[in-house]
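Observations on chain architecture
Residues per chain, in single letters:
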Amino acid sequence: MKRVLVTGATGTVGRHVMALLKEAGAEPLALSRSTGDLTDPATMPLDGVEAVFLVWPFATAEGARAVVEAVAGRALRVVYLSSVARRDHEREVERLIEESGTEWTFLRPHAFAANALRWARQVRAGAVRGAYGQAAGPVVHERDIAAVAVRALLDEGHHGAAYELTGPEVITQADQVRIMSEVTGIPARWEEIPLDRARADLLARGWPPEAVDGVLQAQAEGSRVQASVTSTVEEITKRRASTFRQWVAEHAGEFRIPPEAASTMRAARIHRFGDASVIRQDEVPTPRPGPGEVLVEVAATSFNPSEVGLRSGLLPEVFQATLPHTLGWDVSGTVVETGAGVTTLAPGDRVFGVVSGAAAEYVTAPADVLVKAPESIPLADAAAIPVAGLTAWQMIFEHARITQGQRVLINGAGGGVGRFAVPLAKLAGAHVTATAGPRSADAVRRTGADEVVDYTEAPLPGGMDVLLNLIPIPEDAAKALAGLGRVIVTIATPIEGGTHFVMRYDPGQLGAMAALIDEGRLAVEVAESHALSELPEIHRRAESGDTHGKITLYP
């Protein structure tokens, strides 16, 4: 029985090497803290070892010479996991091994299929955002790398070989996301974003700058030059290399259910009231659910103009907040953990609702305030619904009580509430005339408005059965609107003779909207999506009147 020392034995490839060596009847020995230390070659358990699987997990080759000399002095052969990129430290380790006098084999794989797990959270959210979606490569299953390694460790005939390892297909980043969506059943898409935003997103996720630049450079290269597929895996193992689809099928559960939450998280908080500059990205302890609560991995929150009032401290009697305060009300996400007594939700459930403090990576909420998210749309898009959707629902069905055949004028239909008010009024059977500026007119037409009036050029029509006002307007404009409809409902400036109301949270109504969405009777259109770090800029734009429709923000 051949004894083989496996470094990196719990890693992406090493754990498969361990398993396949056992299957082959060898005696694998894992290098671990209890058996030795790669940084101290004298502690490595090399007695009786005939072969070594070497993973060098450091960014430089410093210290590699001593390790290679220790291995070459005791083992007959070494199989080194390098990469097709052959970075400077990998070239140096290869050189040291070649000059050591021991038998050697180098494995130079292309990108691991397992790298797709870095997108798991974004897949659950429904959108993987990045640059170079058409960057393509022959990604390889880590088990196939391990299978080649085991043959090189146990069999003769591999000395002096440098094997380039690929999967059986060249596949783009966008197609990887498409396949992950198809296999897992999670609605997800690739969303191309500018290079500077992609870089900023990766930095915001905690990636070191040099790693970010290296990844983006490799992706840029992959979009220009298409790598070739090799047959090495099949030639060495006598089995076809696994496809990316097969890899995803084996790991589908890791995409559907989040891992245990980290001990800390990022949150957009204010420590004092003021302008948009008071919004900070803080590192705070991740909350834990109490009895009756769940912990949600946030897919997205959305911006509501009323948050400007909270942040500014203008309406303390309405927006009461204890400082420091985490922003965000709308939330969509995946349940990570449940507290005592929760029976209606379980880890992996996709939910949405209104929860204070949603502008963070995680948020806790009473289980009974959350609703199962629509299954037919990306989870992040569901964050656009709660506040705006419920406001529109209650305006249409509770306060205006619109019925079949009524003529309805919706003033300010280009905003977030308007994008729901128009289609809901149409579902109620109304003939809808909507006002919108030039930048929002096409979007409002897509929501189903029968007529769209450009309020910057044309007067608003009168003789309506119902007038719905969704925007703040001057006092004289409010007086002018008073005569345009028999029934008037407003969520902003009060209008004489009309009903003014503030949305109340109703999970039952939110569930009804989710059902309409899954039935294809109600659409959700997100105007913009940005990283949560962009929240201060969104606030500034809102105050200058430069936002339209619903804007979602992802952690």
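Whatever comes next refers back to the structure up there.
Residues numbered from 1 in each chain as written. Predicted model: local features only at pLDDT ≥ 70, side-chain atom pairs only at ≥ 80, totals over all residues. Heavy atoms only, no water.

1. Notes on the overall build of the protein chain
Just so we agree on the cut-off: By definition, any uninterrupted DSSP run of H or I lasting at least four residues is a helix, any uninterrupted run of E lasting at least two residues is a strand, and each is numbered from the N terminus. We get accessible surface area from the Shrake-Rupley algorithm with a probe of 1.4 Å; when it comes to residues, only the shown protein chains can shield them. Just so you know, the count uses Lys and Arg for positive and Asp and Glu for negative, and it drops His and the chain ends. Taken as the charge location is NZ of Lys, CZ of Arg, CG of Asp or CD of Glu.
The helix and strand tally for the protein chain stands at 18 helices and 26 strands. Its C-alpha atoms put the protein chain at 95 × 45 × 40 Å along the principal axes. Accessible surface for the protein chain amounts to roughly 23800 Å². Of this, 51% is attributable to carbon and sulfur atoms. Considering the protein chain, the positive charge centre built from 52 side chains and the negative charge centre built from 68 side chains are found 2 Å apart.

2. Looking at the packing of aromatic side chains
The following threshold applies: Ring pairs shown here join Phe, Tyr and Trp side chains whose ring centres sit within 6.5 Å, with only the six-membered ring taken for Trp; geometry is labelled stacked below 30 degrees between planes, edge-to-face above 60, and tilted in between. Buried means the residue's accessible area, taken with a 1.4 Å probe over protein chains only, is under 20% of the maximum for its type, while exposed means over 50%, and partly exposed covers the values in between.
Applying the stated criterion across every chain yields a total of seven aromatic pairs. On the basis of an interplanar angle of 70° and a centroid distance of 6.0 Å, the ring pair of Trp-119 and Trp-190 is categorised as edge-to-face. Taken as a pair, Trp-119 in the loop between strand S5 (103-109) and helix H4 (120-125) and Trp-190 in strand S10 (residues 189-192) lie far apart in primary sequence, 71 residues in all. For the pair formed by Trp-119 and Trp-190, the shared burial category is buried. Here the aromatic rings of Phe-244 and Trp-247 are separated by 5.8 Å at their centres, their planes lie at 20°, and the arrangement is stacked.

3. Points about the nonpolar core
To be explicit about the condition: Definition of nonpolar core: a set of buried residues of the types Ala, Val, Leu, Ile, Met, Phe, Trp, Tyr and Cys, connected through side-chain atoms within 4.5 Å.
Grouped together as the largest cluster of nonpolar side chains are 49 residues, with contacts concentrated most on Phe-352, Ile-385, Ile-402, Ile-410, Phe-420, Leu-424 and Leu-468. Mapped by element, the contributors of at least two residues to this core are strand S13 (293-302), helix H13 (386-399), strand S19 (407-411), helix H14 (418-427), strand S20 (431-435), strand S22 (464-469) and helix H17 (507-518). Top element by residues in this core is H13. It accounts for six residues. Counting residues in hydrophobic clusters, the runner-up holds 29 residues, among them Leu-21, Leu-153, Leu-154 and Tyr-163.

4. A look at the environment of Thr-322
You can see Thr-322 is positioned in the loop between helix H12 (306-312) and strand S14 (325-326). Judged by its relative accessible area of 67%, Thr-322 falls in the exposed class. For Thr-322 and Ile-270, which are 52 residues apart along the polypeptide, the C-alpha to C-alpha distance reads 9.8 Å.

5. A word on the sheet that holds strand S4 (residues 77-81)
Condition: If DSSP finds at least two bridges between two strands, the strands pair. Here the axes come from fitting lines to C-alpha atoms, over the contacting stretch only for helices, and the angles between their N-to-C directions go from 0 to 180 degrees. The contact definition used throughout considers only heavy atoms, calling two residues in contact when any of these lie within 4.5 Å.
Read across the sheet, six strands follow the order S2-S1-S3-S4-S5-S8 without closing on themselves; strand pairing throughout is parallel. On the outer flanks of this sheet lie strand S2 (27-30) and strand S8 (161-165), each paired with one strand and no other. When the angles between neighbouring strand axes are averaged without regard to direction, this sheet yields 20°. Two strands pair when backbone bridges link them, and S4 and S5 are joined in this way by five bridges, in the parallel orientation. The partner of Leu-81 across the bridge, within S5, is Leu-107. Across the sheet, helix H3 (residues 88-98) is in contact with strand S3 (51-54), S4 and S5; its angle to S5 comes to roughly 160°.

6. Some remarks on the sheet that holds strand S24 (residues 499-500)
Ordered in space as S21-S20-S19-S22-S23-S24, the six strands form an open sheet in which the pairing is parallel. If you trace the sheet from one side to the other, it starts and ends with strand S21 (451-453) and S24, each paired once. Inspection of the sheet shows strand S23 (residues 485-490) paired to S24 by two bridges, in the parallel sense. Among the inter-strand pairings, Thr-490 is bridged to a residue of S24, identified as His-500. Against the sheet, H14 engages S19 and S20, with an angle of about 165° to S20.

7. Remarks on the packing of H13 against H17
Note the cut-off: Comment on the angle field: the value is read as roughly parallel under 35 degrees, roughly antiparallel over 145, roughly perpendicular from 65 to 115, and oblique elsewhere. Gly counts as polar in this scheme, as do all residues outside two lists: the nonpolar Ala, Val, Leu, Ile, Met, Phe, Trp, Tyr, Cys and Pro, and the charged Asp, Glu, Lys and Arg.
Their axes nearest at 10 Å, the elements H13 and H17 cross at an angle of 95°. Compared by their axis directions, H13 and H17 come out roughly perpendicular. When H13 is examined against H17, the residues Pro-386, Gly-389, Leu-390, Trp-393, Gln-394 and Glu-398 are found in contact with a partner set consisting of Gln-509, Leu-510, Ala-512, Met-513 and Leu-516. A class-by-class count of the residues in the contact of H13 with H17 yields seven nonpolar, three polar and one charged.

8. Details of unusual backbone geometry
Among all residues except glycine, the phi angle is most often negative; among peptide bonds, the trans geometry is most common. The amide bond that connects Leu-323 to the next residue, Pro-324, takes the cis arrangement and shows omega of -5°. You can see Pro-324 is positioned in the loop between H12 and S14. Despite not being glycine, Tyr-132 has its phi angle at roughly 60°, a positive value. Structurally, Tyr-132 can be placed in the loop between strand S6 (127-130) and strand S7 (136-137). Unlike most non-glycine residues, Arg-401 shows phi in positive territory, near 50°. As for its placement among the helices and strands, Arg-401 is situated in the loop between H13 and S19. Relative accessible area serves as the criterion here: at 61%, Arg-401 is assigned to the exposed category.

9. Details of the layout of surface pockets
The line we're drawing: Only protein atoms enter the 1 Å grid, on which a cavity is a set of points fitting a 1.4 Å probe that cannot get out and a pocket is an open set with protein on both sides within 12 Å along at least 5 of 7 lines, lining residues being those with an atom within 4 Å of a point. Grid points are joined across faces, edges and corners, and a volume is the space filled by probe spheres set on the points.
Of the volumes computed, that of the second largest pocket is approximately 1500 Å³. Together, 46 residues line the second largest pocket, and Pro-305, Ser-306, Leu-470, Pro-472 and Ile-491 are the ones closest to its centre. Counting residues per element, the ones that place at least two in the lining of the second largest pocket are H12, H13 and strand S26 (550-554). Considering only residue class, the lining of the second largest pocket consists of 26 nonpolar, 18 polar and two charged.

10. As for empty space enclosed by the protein
Once rolled over the atoms, a probe with the size of a water molecule shows which space is left empty. Following the criterion strictly, the structure yields four cavities of 30 Å³ or more and no others. Computed from the structure, the largest cavity encloses a volume of approximately 70 Å³. Around the largest cavity sit Arg-121, Gln-122, Ala-125, Ala-127, Arg-129, Arg-205, Val-298, Ala-299, Tyr-554 and Pro-555, which together line it. Put simply, the parts of the chain that give the lining of the largest cavity at least two residues each are H4, S6 and S13. For the lining of the largest cavity, the element with the most residues is H4, which contributes three residues. The residue makeup of the lining of the largest cavity, split by class, is six nonpolar, one polar and three charged.

11. A few points about the pairing of strand S1 (residues 3-6)
Where we set the bar: Seen with its strands pointing away from the viewer, a crossover is right-handed if its path from the first strand over the helix to the second goes clockwise.
Relative to S2, S1 is paired through four bridges, and the arrangement is parallel. Bridged to Arg-3 within S2 is Glu-27. Read from S1 through helix H1 (residues 14-23) to S2, the crossover connection turns out right-handed. Pairing of S1 with S3 involves three bridges; the strand directions are parallel. Looking at the pairing, Leu-5 lines up with Val-52 of S3.

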